[in-house]
Amino acid sequence: MKIYLVGGAVRDSLLNLPIKDKDYLVVGATPEQMLQLGYRQVGKDFPVFLHPKNQQEYALARTERKIGLGYGGFSCHASPDVTLEQDLLRRDLTINAIAQDEKGNLYDPFNGIEDLNARLLRHVSDAFVEDPLRVLRVARFAARFHALGFHIAAETLALMRQISASNELNALTAERVWQEVDKSLGGPHPEIFFEVLHQCGALEVLFPEIFALFGVPQPEKWHPEIDTGVHTLMVLAQAALLTEDKSVRFSALVHDLGKALSPKAHLPKHHGHGQKGLPLIKALCTRLRVPNETRDLALLVSDQHQNVHQAFELRAETIVKIFDKADFWRKPERLTQLILACTADMRGRTGFENTPYPQGEYLTQCFLATNNVDIAAIIAAGFQGAEIKQALNLRRIEAVSQFKQKMQTTLGKDGR
C-alpha cells in the first residue's frame, strides 16, 4: 500500500500558494484493509475514507467508465491493481494530475509541472468530454488563476465547446452548478468565469438570461463599451474590487437582465429595465436554487439601481419610500450592499472605472437622519396603531428634507 498527496494541494504548493485542503490517494489497498487500520468509509459510489485521527480524506485508486449523462454517470472501479498513473489519467487538468509521495517525490506522468510553468490549463485526456462539470471547473480555474497569467489551451477549449454543444450540460444538477458559481463569485476574478463560459458556449445553455445581454446596445454617452453583456462583466469585475460579499457580486451580475427585453425599436434606450428584469432574476434564482438572501438583494438592486443613480434628484418622500420598501429599518446592511452594487454599476463602464459615487454617501446620510427620529416621542404624543406608522413616516420624510436642504445649501443643488 502506497499513499500519495494529490490534486490541489500539490498544485498550489508548486505555485507557492496557501494550501486549503489535502486529498490523499491510496494505491494497492482494499476497503477491508482501510477499515482494519481504523479509517471510516464515507464514499458510496467509490471508496473514500476518513483518517482515524485528522479526518482527512483518503481515496482508493480507481478508474471510471462512462455509462450515462452528467457528471454522475460513471461506473467506478477501485481495486489494488489500479496504478497511480491510471488514477491520475481520469483527472481533469494536467496541473491537477500531479502526485507526491510521503518522501516528497513528485510523480507527473502528464507533464503538469511543465503546464504550471507555462501557465496553461490543459486537459489530461480525451476522456475530459465525458464529464460536463469540467466545463465549469476549468472556467473556475481560469478565473482563480487569472492574475497569475493562466490561460486555457486551445484544444481544451475546443473540447469545452464540444460538451456545450451536446446535451451533457443539461444533466448537471442545480446544486452542482450553483456550487461552482458560488466558488467563482468568491474568487478575485469572477468575471473571467462567465467570460470563459461565454467563449465555449456554456453560458447560453446554463445562463441564458445573461447570454441574452451580449449584443444588446446601450447609449454610448453613458456606456462607451456599448454592449450590455460586456458592461455586465465589467460591473462584476468592479464589484469584486469593492467587496468580498458574494451576494453583492451576484447582484452586480444580474442587475441589467431586463435590458434584453427592451423593444428593438427603442434601442439603445432601456426604459424600466430594472423592473423588467425582476421576473428573469426570479426564474434564474429558482432554477439554480440561489439562497434567498442573495436572491432578495439581486431583486432590490435591479429594482432600485436607477433610483440610486439619481439619488440627488429624488424627493424626500421617494427616498423614504425606497428605504421602507427595502426594509432597511430591520436590515440596514442592505443599504450598504445596494450602494456597493450601484457603485460597481457606475464604474463598470469604459472610462468610468475611477468615477466617484457621492450618491452612496448621500443616501447613507439620509438614512442616518431617518434613524434619528424619536419613535418614543411619537408614542408619548398619544398616537396609536396605524397612526404611529403614519407619524413616523412623516417625521422621517421631514428629517430627509431637512438634511437635503442643509446639503444643498452647503454643496449646491446636486450635492457634489
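Everything in this summary refers to the structure shown in the same document.

### Some details on the nonpolar core
Logical step 1: If you look at the biggest cluster of nonpolar residues, it comprises 66 residues, and the most contacted ones within it are Met160, Phe194, Leu197, Phe207 and Phe250.
Logical step 2: At eight residues, the largest contribution of residues to this core is made by helix α5 (residues 133–144).
Logical step 3: Excluding its chain neighbours within four sequence positions, the residues that come into contact with Leu197 are Val135, Leu136, Ala139, Ala202, Leu203 and Phe207.
Logical step 4: If you look at the next biggest cluster of nonpolar residues, it comprises 30 residues, including Leu300, Leu335, Phe352 and Leu363.

### Considering the packing of aromatic side chains
Logical step 1: As enumerated under the stated definition, the model contains 15 aromatic pairs in all.
Logical step 2: Ring centres 5.6 Å apart and planes at 85° place the aromatic pair Trp178 and Phe250 in the edge-to-face group. Residue Trp178 is located in helix α7 (residues 174–185), and its partner Phe250 is located in helix α12 (residues 246–254); the two are separated by 72 residues in the primary sequence. For the pair Trp178 and Phe250, one class covers both residues: buried.
Logical step 3: Relative to Phe207, the ring of Phe194 has its centre 5.6 Å away and its plane inclined at 75°; by these criteria the two rings are edge-to-face. Taken together, the residues Phe194 in helix α8 (residues 190–200) and Phe207 in the loop between α9 (202–206) and α10 (208–211) connect sequence positions 13 residues apart. Pair check on accessibility: Phe194 and Phe207 agree, each one buried.
Logical step 4: A connected cluster of aromatic rings, assembled from ring pairs, spans Phe323, Phe328, Trp329 and Phe367.

### With respect to the layout of surface pockets
Logical step 1: Its volume calculated, the second largest pocket comes out at about 500 Å³.
Logical step 2: Elements with a minimum of two residues in the lining of the second largest pocket: α14 (292–309) and α16 (333–347).
Logical step 3: Its residues assigned to classes, the lining of the second largest pocket comprises four nonpolar, eleven polar and seven charged.

### Quick notes on the packing of helix α11 (residues 228–242) against α12
Logical step 1: Closest axis-to-axis distance for the α11/α12 pair is 8 Å, and the angle between their directions is 165°. Between α11 and α12, the angle is such that the two are roughly antiparallel. Two packed elements cross with a definite hand, and for α11 against α12 that hand is right-handed. Residue-level inspection shows Thr232, Val235, Leu236, Ala239 and Ala240 of α11 in contact with α12, the latter providing Arg249, Ala252 and Leu253.
Logical step 2: Residues belonging to the contact of α11 with α12 are distributed by class as follows: six nonpolar, one polar and one charged.

### Quick notes on the side chain of Arg122
Logical step 1: Summarising the element assignment, Arg122 is placed in the loop between β10 (120–121) and α5.
Logical step 2: Apart from the residues lying within four places of it in its own chain, the contact partners of Arg122 are Asp92, Leu93, Thr94, Phe110, Asn111, Asp115, Ala153, Glu155 and Thr156.

### Looking at the pattern of salt bridges
Side chains that differ in sign of charge can pair as their charged atoms come close.
Logical step 1: All told, the structure shown has 18 salt bridges when counted by the stated rule.
Logical step 2: Close ionic contact of Arg137 with Asp92 constitutes a salt bridge, the shortest N to O distance being 2.8 Å. In this pair, Arg137 is assigned in helix α5 and Asp92 in the loop between α3 (84–89) and β8 (99–101), connecting sequence segments 45 residues apart.
Logical step 3: What makes Arg137 partly exposed here is its relative accessible area of 22%.
Logical step 4: For Asp92, a relative accessible area of 5% gives the class buried.
Logical step 5: Here Asp182 ties to Lys246 by a salt bridge, and the two come within 3.0 Å at their closest N and O atoms. A residue pair is termed long-range when its members are at least 10 positions apart, and Asp182 in helix α7 and Lys246 in helix α12 qualify at 64 residues.
Logical step 6: Owing to a relative accessible area of 24%, Asp182 belongs among the partly exposed residues under this scheme.

### Things to note about α16
Logical step 1: For α16, built from 15 residues, the straight-helix expectation of 21 Å at 1.5 Å per residue is met to within 8% by its first-to-last C-alpha distance of 22 Å.
Logical step 2: Buried residues dominate α16, accounting for eleven of its 15 residues.
Logical step 3: Turning to α16, its buried residues are Arg334, Leu335, Gln337, Leu338, Ile339, Ala341, Cys342, Thr343, Ala344, Asp345 and Met346.
Logical step 4: Buried residues belonging to α16 abut α11, α12, α14, α15 (316–325) and α17 (358–371).

### Some words on the environment of Glu102
Logical step 1: Relative to the helices and strands, Glu102 resides in the loop between β8 and β9 (106–107).
Logical step 2: In this structure the C-alpha to C-alpha distance between Glu102 and Arg134, which are 32 residues apart in sequence, comes to 29 Å.

Quick notes on the rules
- Residues numbered from 1 in each chain as written.
- Predicted model: local features only at pLDDT ≥ 70, side-chain atom pairs only at ≥ 80, totals over all residues.
- Heavy atoms only, no water.
- Core = buried A, V, L, I, M, F, W, Y, C linked by side-chain atoms within 4.5 Å.
- Buried < 20%, exposed > 50% of the residue type's maximum accessible area, 1.4 Å probe, protein only.
- Helix = DSSP H or I, 4+ residues; strand = E, 2+ residues; numbered from the N terminus.
- Contact = heavy atoms within 4.5 Å.
- Phe/Tyr/Trp six-rings, centres within 6.5 Å; stacked < 30°, edge-to-face > 60°.
- 1 Å grid on protein atoms, 1.4 Å probe; cavity = no way out; pocket = protein on both sides within 12 Å on 5 of 7 lines; lining within 4 Å.
- Points joined across faces, edges and corners; volume = space filled by probe spheres on them.
- Nonpolar A, V, L, I, M, F, W, Y, C, P; charged D, E, K, R; others polar.
- Axes fitted to C-alpha atoms, helices over the stretch in contact; angles between N-to-C directions.
- Parallel < 35°, antiparallel > 145°, perpendicular 65-115°, else oblique.
- Left-handed = near helix turned anticlockwise from the far one by under 90°.
- Salt bridge = Lys/Arg side-chain N within 4 Å of Asp/Glu carboxyl O.
- Expected span 1.5 Å × (residues − 1).

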